[in-house]
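# Architecture at a glance
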Amino acid sequence: MARIDASPTTEQLQDLLLESPGFTEFLLGLVTISASMLGGREPVLCAITVERDGGPSTVASSTDKARRLDEKQYAFDDGPCLTALRHQHRVLIDDLQGNGRWAGYARAVHGEGIRSVLAVPIQTDPSSRAALNCYAYAPGTFDDAMTVAVQEHAETISKTLRLALRLHVPEPYPEHLRSALQSRAVVDAAISLIMLHNRCGRDRAMELLQIAARDSNRRLHEIATDILHTSSPPGPTPPSGSSTSSRTPDE
């Protein structure tokens, strides 16, 4: 199940918006956070698609697989996520391989191992449309509680997405920049999770991430990726000579 109590705060979403140099970077950070927060015992892959009237689509994906799953739908010009985007209603598929509505799409993505799909619209301004697309490996992953969690998450990110659409013109970006932008998004998403977990500001969260990278002699991006996969953000380092077991609740 999703970590229903782990929703980004308004302040964290505003920080992501203010510190993202462009719309694409913002959307990559937003979708990476979404995948991490909605995933529980089983991973959830996410993509966010945004369309403006008369403009190109902007698609951000939490993983390369999520990107391929979305792009296959565009190749067919049909699919559960495009339907949620265009008609602005929820689409839930308990088992994609047994679904006759999108049989062609199901065959095309059979090798990806995805069985459950949930796509929900994200409310935006009248001149644009957006949807959050979620994929899972096991059939029936999106039960009632999980579906509610995804819909609530879409509502949470809606306001900040509307602000981003007003501040930034969605721009296509060269393929060779995709990995660099995704790396930045992973670090930003990990920082947001550390802030949420430790109830601290962005500077302190970044400091904790840097300490974890230094202590393990690994790159910042590698530590951030581990945090998103395990949902175990680093916490404050106990003072020298102290142990958590010896502390009183008031310390």
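Fair warning: this is a prediction, and the values are worked out from it, not measured in the lab.

In this section: empty space enclosed by the protein. Across all of its chains, the model carries 1 cavity of 30 Å³ or more by this definition. In this structure, the largest cavity spans a volume of roughly 40 Å³. When residues of the lining of the largest cavity are traced back to their parent elements, those giving at least two are helix H3 (64-76) and helix H4 (80-87). For the lining of the largest cavity, the per-class residue count stands at 4 nonpolar, 3 polar and 1 charged.

As a rule of thumb, non-glycine residues mostly have phi less than zero, and peptide bonds are mostly trans rather than cis. With a phi angle near 55°, Gln88 is a residue other than glycine that sits in the positive phi range. The residue Gln88 is located in the loop between H4 and strand E3 (91-93) in this model. The backbone of Asn217 shows a phi angle near 55°, a positive value even though the residue is not glycine. Here Asn217 lies in the loop between helix H8 (202-216) and helix H9 (220-230). Asn217 gets classed as exposed once you look at its relative accessible area, which sits at 73%.

Time to look at the packing of aromatic side chains. Summed over all chains, the structure comprises 1 aromatic pair. Geometrically, the ring pair formed by Phe23 and Phe26 is tilted, given 6.4 Å between the ring centres and 45° between the ring planes. On the criterion of helical spacing, the pair formed by Phe23 and Phe26 is a turn pair, its members being 3 residues apart in helix H2 (residues 23-38). Per residue, the accessibility class of Phe23 equals that of Phe26, and both read buried.

A separate point is the pattern of salt bridges. Summed over the entire model, instances satisfying the criterion amount to 11 salt bridges. Of the charged contacts, one joins Arg67 and Glu71 as a salt bridge, the two residues approaching to 3.2 Å between their closest N and O atoms. Taken together, the positions of Arg67 and Glu71, both in helix H3 and 4 residues apart, correspond to about one turn of that helix. A salt bridge links Arg204 to Glu207, with the shortest nitrogen-to-oxygen separation between them at 3.1 Å. Within this pair, Arg204 and its partner Glu207 are both found in helix H8, separated by 3 residues, close to a single helical turn. What you see here is one network of salt bridges that share partners, running through Asp64, Arg67 and Glu71.

The subject of this paragraph is the pairing of strand E1 (residues 45-52). The side chains of a regular strand alternate, first on one face of the sheet and then on the other. Most of E1 is tucked away, with 7 of its 8 residues classed as buried. Pairing of E1 with strand E5 (residues 128-136) involves 8 bridges; the strand directions are antiparallel. Bridged to Arg52 within E5 is Ser128. Sheet topology note: the E1/strand E2 (residues 58-61) ladder contains 4 bridges and is antiparallel. Paired with Val50 across the two strands is Thr58, which belongs to E2.

A separate point is the nonpolar core. Residues Ile48, Leu132 and Leu161 are the most contacted members of the largest nonpolar core, which totals 50 residues. A total of 10 residues in this core trace back to one element, the largest contributor, which is H2. Not counting the four nearest positions on each side in its chain, Leu161 is found in contact with Phe23, Phe26, Leu27, Val50, Ile122, Thr124 and Ala130. Counting 16 residues, the second-largest nonpolar core is a separate cluster that includes Val91, Tyr105, Ala119 and Tyr135.

Thresholds, definitions, all that
- Residues numbered from 1 in each chain as written.
- Predicted model: local features only at pLDDT ≥ 70, side-chain atom pairs only at ≥ 80, totals over all residues.
- Heavy atoms only, no water.
- 1 Å grid on protein atoms, 1.4 Å probe; cavity = no way out; pocket = protein on both sides within 12 Å on 5 of 7 lines; lining within 4 Å.
- Points joined across faces, edges and corners; volume = space filled by probe spheres on them.
- Helix = DSSP H or I, 4+ residues; strand = E, 2+ residues; numbered from the N terminus.
- Nonpolar A, V, L, I, M, F, W, Y, C, P; charged D, E, K, R; others polar.
- Buried < 20%, exposed > 50% of the residue type's maximum accessible area, 1.4 Å probe, protein only.
- Phe/Tyr/Trp six-rings, centres within 6.5 Å; stacked < 30°, edge-to-face > 60°.
- Salt bridge = Lys/Arg side-chain N within 4 Å of Asp/Glu carboxyl O.
- Pairing = 2+ DSSP bridges.
- Core = buried A, V, L, I, M, F, W, Y, C linked by side-chain atoms within 4.5 Å.
- Contact = heavy atoms within 4.5 Å.

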